[in-house]
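# Descriptive analysis of the structure
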Number of protein chains: 4
Amino acid sequence: MTSKEKDKLKHKIYTLIFEAETPAGKVFDVILLLLILLSVLVVSLESIEELSYHYLPFFRFLEWTFTIIFTIEYALRIYSTPRPFKYIFSFFGIVDLLSILPTYLSLIIFGSQSLLVVRVLRLVRIARIFKLTRFINEGNVLSKALRASMNKILVFIGVVLLVVVIVGSMMYLIEGEASGFTSIPKSIYWTIVTLTTVGYGDIAPATPLGQMLASCIMIMGYGIIAVPTGIVSVELAKSDRETANTRVCPNCHVEGHPVGAKYCFNCGYKL
Amino acid sequence: MTSKEKDKLKHKIYTLIFEAETPAGKVFDVILLLLILLSVLVVSLESIEELSYHYLPFFRFLEWTFTIIFTIEYALRIYSTPRPFKYIFSFFGIVDLLSILPTYLSLIIFGSQSLLVVRVLRLVRIARIFKLTRFINEGNVLSKALRASMNKILVFIGVVLLVVVIVGSMMYLIEGEASGFTSIPKSIYWTIVTLTTVGYGDIAPATPLGQMLASCIMIMGYGIIAVPTGIVSVELAKSDRETANTRVCPNCHVEGHPVGAKYCFNCGYKL
Amino acid sequence: MTSKEKDKLKHKIYTLIFEAETPAGKVFDVILLLLILLSVLVVSLESIEELSYHYLPFFRFLEWTFTIIFTIEYALRIYSTPRPFKYIFSFFGIVDLLSILPTYLSLIIFGSQSLLVVRVLRLVRIARIFKLTRFINEGNVLSKALRASMNKILVFIGVVLLVVVIVGSMMYLIEGEASGFTSIPKSIYWTIVTLTTVGYGDIAPATPLGQMLASCIMIMGYGIIAVPTGIVSVELAKSDRETANTRVCPNCHVEGHPVGAKYCFNCGYKL
Amino acid sequence: MTSKEKDKLKHKIYTLIFEAETPAGKVFDVILLLLILLSVLVVSLESIEELSYHYLPFFRFLEWTFTIIFTIEYALRIYSTPRPFKYIFSFFGIVDLLSILPTYLSLIIFGSQSLLVVRVLRLVRIARIFKLTRFINEGNVLSKALRASMNKILVFIGVVLLVVVIVGSMMYLIEGEASGFTSIPKSIYWTIVTLTTVGYGDIAPATPLGQMLASCIMIMGYGIIAVPTGIVSVELAKSDRETANTRVCPNCHVEGHPVGAKYCFNCGYKL
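Rules behind the numbers
- Residues numbered from 1 in each chain as written.
- Chains lettered and ligands numbered in written order.
- Predicted model: local features only at pLDDT ≥ 70, side-chain atom pairs only at ≥ 80, totals over all residues.
- Heavy atoms only, no water.
- Helix = DSSP H or I, 4+ residues; strand = E, 2+ residues; numbered from the N terminus.
- Buried < 20%, exposed > 50% of the residue type's maximum accessible area, 1.4 Å probe, protein only.
- Contact = heavy atoms within 4.5 Å.
- Areas by Shrake-Rupley, 256 points an atom, 1.4 Å probe, with all protein chains shown as cover.
- Patch = residues over 30% accessible without salt bridge, like charges linked within 9 Å, V, L, I, M, F, W, Y side chains within 5 Å.
- Salt bridge = Lys/Arg side-chain N within 4 Å of Asp/Glu carboxyl O.
- 1 Å grid on protein atoms, 1.4 Å probe; cavity = no way out; pocket = protein on both sides within 12 Å on 5 of 7 lines; lining within 4 Å.
- Points joined across faces, edges and corners; volume = space filled by probe spheres on them.
- Nonpolar A, V, L, I, M, F, W, Y, C, P; charged D, E, K, R; others polar.
- Axes fitted to C-alpha atoms, helices over the stretch in contact; angles between N-to-C directions.
- Parallel < 35°, antiparallel > 145°, perpendicular 65-115°, else oblique.
- Polar contact = N/O pair within 3.5 Å; in protein donor to acceptor, adjacent residues only side chain to side chain.
- Arc of directions from axis to C-beta.
- Phe/Tyr/Trp six-rings, centres within 6.5 Å; stacked < 30°, edge-to-face > 60°.

## Let's talk about the overall build of chain A
Assigned secondary structure in chain A consists of 11 helices and zero strands. Seen in sequence order, chain A has helices and strands lined up from the N terminus as α-α-α-α-α-α-α-α-α-α-α. The buried share of chain A, reckoned over its 271 residues, is 46%. At a minimum sequence separation of 6, the contacts of chain A that also span at least 24 residues come to 53%. Accessible surface computed for chain A: about 13,700 Å², of which carbon and sulfur atoms make up 71%.

## Points about a nonpolar patch on the surface
Residues and elements named next belong to chain A. A contiguous nonpolar patch, built from I94, L97, L98, L101, L105, L107, I108 and I109 and spanning about 710 Å² of accessible area, is present on the exposed surface. When residues of the nonpolar patch are assigned to their parent elements, the largest contribution, four residues, is made by helix α6 (residues 101-108). On the secondary structure map, L101 appears in helix α6.

## Topic: empty space enclosed by the protein
Applying the stated criterion across every chain, the model contains eight cavities of 30 Å³ or more. Computed from the structure, the largest cavity encloses a volume of approximately 130 Å³. For the lining of the largest cavity, the per-class residue count stands at four nonpolar, eight polar and no charged.

## Points about the packing of helix α3 (residues 49-80) of chain D against helix α6 (residues 101-108) of chain D
All names here are of chain D. Two elements in contact, α3 and α6, have axes separated by 9 Å at closest approach and are oriented at 125°. In terms of orientation, α3 lies oblique with respect to α6. In contact with E63, W64, T67 and T71 of α3, α6 contributes T103, Y104 and L107. Across the contact of α3 with α6, the residue classes break down as three nonpolar, three polar and one charged.

## What to know about the side chain of T103 of chain D
Residues and elements named next belong to chain D. Among the structural elements, T103 can be located in helix α6. In this structure T103 comes out as buried when scored by relative accessible area, which is 0%. Polar contacts involving the side chain of T103 include one to the side chain of T67, which spans 2.8 Å. Every residue in contact with T103, bar those within four places of it in the chain, is listed here: E63, W64, T67, L116 and R119.

## Quick word on unusual backbone geometry
The backbone of T197 of chain A sits at a positive phi, close to 60°, despite the residue not being glycine. Since its relative accessible area comes to 2%, T197 of chain A is described here as buried.

## Structural notes on the side chain of T229 of chain C
Along the chain, T229 of chain C falls in helix α11 (residues 226-244). What T229 of chain C contacts, discounting residues up to four positions off in sequence, is T229 and S233 of chain B together with A226 and T229 of chain D.

## Description of the environment of P57 of chain D
Residues and elements named next belong to chain D. Counting through the fold element by element, P57 comes out in helix α3. P57 sits in the exposed class, given a relative accessible area of 62%. For the pair P57 and L101, spaced 44 residues apart in sequence, the C-alpha to C-alpha distance is 20 Å.

## With respect to helix α5 (residues 91-98) of chain B
All names here are of chain B. Along α5, the residues that are buried comprise G93, V95 and D96. In an axial view of α5, the angular spread of the buried residues amounts to 165°, which keeps them on one side of the axis. Looking at the buried side of α5, the elements it contacts are α3 (49-80) and α4 (84-88).

## Digging into the pattern of salt bridges
This structure, assessed with the given rule, holds 16 salt bridges over all chains. Note that R60 of chain A and E63 of chain A form a salt bridge whose closest N and O atoms lie 3.5 Å from each other. Of the two residues, R60 of chain A and E63 of chain A are both situated in helix α3 (residues 49-80); the distance of three residues between them amounts to about one turn of the helix. On the accessibility criterion, E63 of chain A (2% relative accessible area) is buried. Ionic pairing is found between R77 of chain B and E73 of chain B, a salt bridge with its closest N-O pair at 2.6 Å.

## Describing the packing of aromatic side chains
Applying the stated criterion to the full structure yields 28 aromatic pairs over all chains. Look at W64 of chain D and Y104 of chain D: their rings are 5.6 Å apart centre to centre, the planes differ by 75°, and that puts the pair in the edge-to-face class. Here W64 of chain D, found in helix α3, pairs with Y104 of chain D, found in helix α6; they are 40 residues apart in sequence, far enough to count as distant. Given a relative accessible area of 26%, W64 of chain D falls into the partly exposed group. Put simply, the rings of F181 and W190 of chain A together with Y200 of chain D pair up and form one aromatic cluster.

## Some details on the environment of L213 of chain C
All names here are of chain C. Its location among the elements puts L213 in helix α10 (residues 208-224). Taking relative accessible area as the criterion, L213 reaches 17% and is therefore assigned buried. Sequence separation between L213 and I174 is 39 residues; the distance between their C-alpha atoms is 9.4 Å. Among residues more than four places away in sequence, those in contact with L213 are M170, M171 and I174.

Below you can see the structure in the form of structure tokens.
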């Protein structure tokens, strides 16, 4: 094999593995995602004690199969990419390595397979599939709205954290050890659980004063939940409007034509 | 009875049972719905042990009454429909059969009546009543908005599921068996319970690190709940606006002209 | 006292008690509301065992004081109103009677004072105070929006109830007695607790299948909560817009002038 | 040092401590905030028993360090401000005193350090940092929207409190002592926990009638949560629109012209 043939093969592998525009690349991506999903499912099922007790050899076999396939894929990625080190130390490079390492480590260190769950991080690649489909527009509108509301939401989270620390400390002083408010961090944890209306009930106020303060926080939390919703709604409406009607009438320069309009609704000019 | 008379009767029954536009058809539909509601109520009440202990014969009598009525209705449906097999294997055909079968089976197999709850599925027919009333417009606006936001919500649910699997696996590694995180599927279940702010408290993090991660998820869930609300709000506003401006172009009969439009956006005709 | 003087007095009392436009009527209303609030507070505090144990005579004294005042008020209402029977059998007439009766009954039947909590219903009169204040506009916008969205919300609640009955029955079949799903009504109760993201945790699914179904319901509930919020937002926006800018420019007939505008923003005409 | 030099020094300290516009003032503010955050962190960690057991001397040392630094700061504030008494009796003056006092008191009264958590209130100063950054605009939009929706939200909270008191009393009558509804205030607390969808589960209805009423409250709470969200969304949209259109009239300097305005709505000047 000449060096040129090698280069050609390398490029072919690169296109297959790293790109998703060609039909073969698409097929590769879908198969890879199915394998990742399956391997995550196997790791999940193995973590159920009753199952792992009965089907351990079968799970081990699947684990090694997936590990070997992913190892080959990892090797091909390093081989075919023009800048191997950039890939190895990129986020996906590290995730790819971490999702095969635990199986090999389990030969030396007993029990390290449970680290295989790190494989779920590979699922982030699923985002690439989305890029190729009709969901791209929806995803864009959503992420545009979220980016636009980011600053407002940061201010909001800042205020919420301040409230949570102050209220958590007050609850620690009011309730004390008896009802489970054993430390300030734990009280802050309780305040977050309450303010977000999750409400586990593992810690709950027992004194009348504590219950009164808790009631105030809940009603506050009720109002507070309205703020991010309002922020995102407004940004979504804006981002949606901008994506939808930016066609301007060439005659009278009026905007806001409905989707599929053929004539300007203001002057009757053909669009 | 001649074949023609038979056909006429058949058609009459068909109109009565399957259609809802005639006054008799409407009455039939309302009576049928009341019977379904009553039979579901009886099955519900029978499932309460204290009641079934005291009033068993009475419940049995009602059960058989409803079953016989529904059996006659089922037979008439098969008899009157022009394409019996299409009906039998349709969704409603199967549901209709399943809602009478358990009572007959209870003669052979003891305890099979509890399967009668399948009858609740017949309640879906209630949707037909809605079609006939002033709620039709409201229902249309709602379902139009939900259909329009479907793609965005699918992208959103995809992202949420990805987050849930990753966080669930992390909680499994962090918390371990002690606090109830006994397997990855169970940890994922806990993550969903927390992210949706349901918060049963049957499983709750006990380690400081777990509680910190849980706090992050809750505050995230707080922000995340804003996204579907925003999506639906925007679509509802759009769908509402479009339904409101139902001015029809007298030339091409296209709807949905913006407020203040002077010309039809489709054919340029002066409104 | 002549009959004319009597009539005058009657009318004076009527204006004082039933109307709220005169300064004296306003003062009467505020004092009455304070008395109702205080009497509700006393009934509330008496229900706390530790307090009622120590301060029973004091509570009884207050109770009788309030009862006598409210009895006089009730008598004056009957005396002064032109149509006594209409008042006696109106909602407020019955509530007024019920809020004094239990104290008298407690002389005959021991323990009937606990029925005094019915007095809280008198608090609904607080709505009259709102009518007199600057909150009237805000209240109008809110109630207008809620009335406008009523039909949509009824359709929505209908669909939710249908889902709740179907899912509740399924959970009863899946989970069974072991995890607390002892009857269909109880399973439906659990489904409502879960779908509304309240999540007490007194009943929680234990089987993998049950937990999977529960996860689906939660994620559904997440999306479902978006619907009423969207409906109310849209109606509030509409109702707010209509209340705000309905001024039309007399020259060019353009709407939507900001509050406090002096000139039309489109043609510069003085409004 | 002459009196003039003293005055100059005083003014220099004042600018450094109280103002945040100069570069030195900014640096001072950031350092102060870091110290407050650190001291809150130390108080929080000390409240965890396992940590305070092992590292008590270290925590005490840090505590005294922070106290001495804050004491010097407090003294300088009193010294440099032109009106010392106004500062001492202002909100921040009292908070500043309260955040150093407990450490000194702990020399006399054992255990008073736990009052040091009052220091978290100093974190409110963090708001000053926000004033200096690009978050100012976002914060303005948010606080403007919240102020504008205040009246509507007050009406809403009034109605919610009325419902909560009435339903809480009904639950007390229905459920009674057995299921934890031991007094009316406790029942009201439970109603708030349920209506806000927090749902601890420390108190939960056990009777069928109680569970039915609870179900109604939950579904109501579901609809009720929509109201503040709708209010805030509408106000945010308005406040956002007004902030966005900050075109100022060159003639009368009025802001807030609608998009597409050709004339100032205040003075009729052509824009």
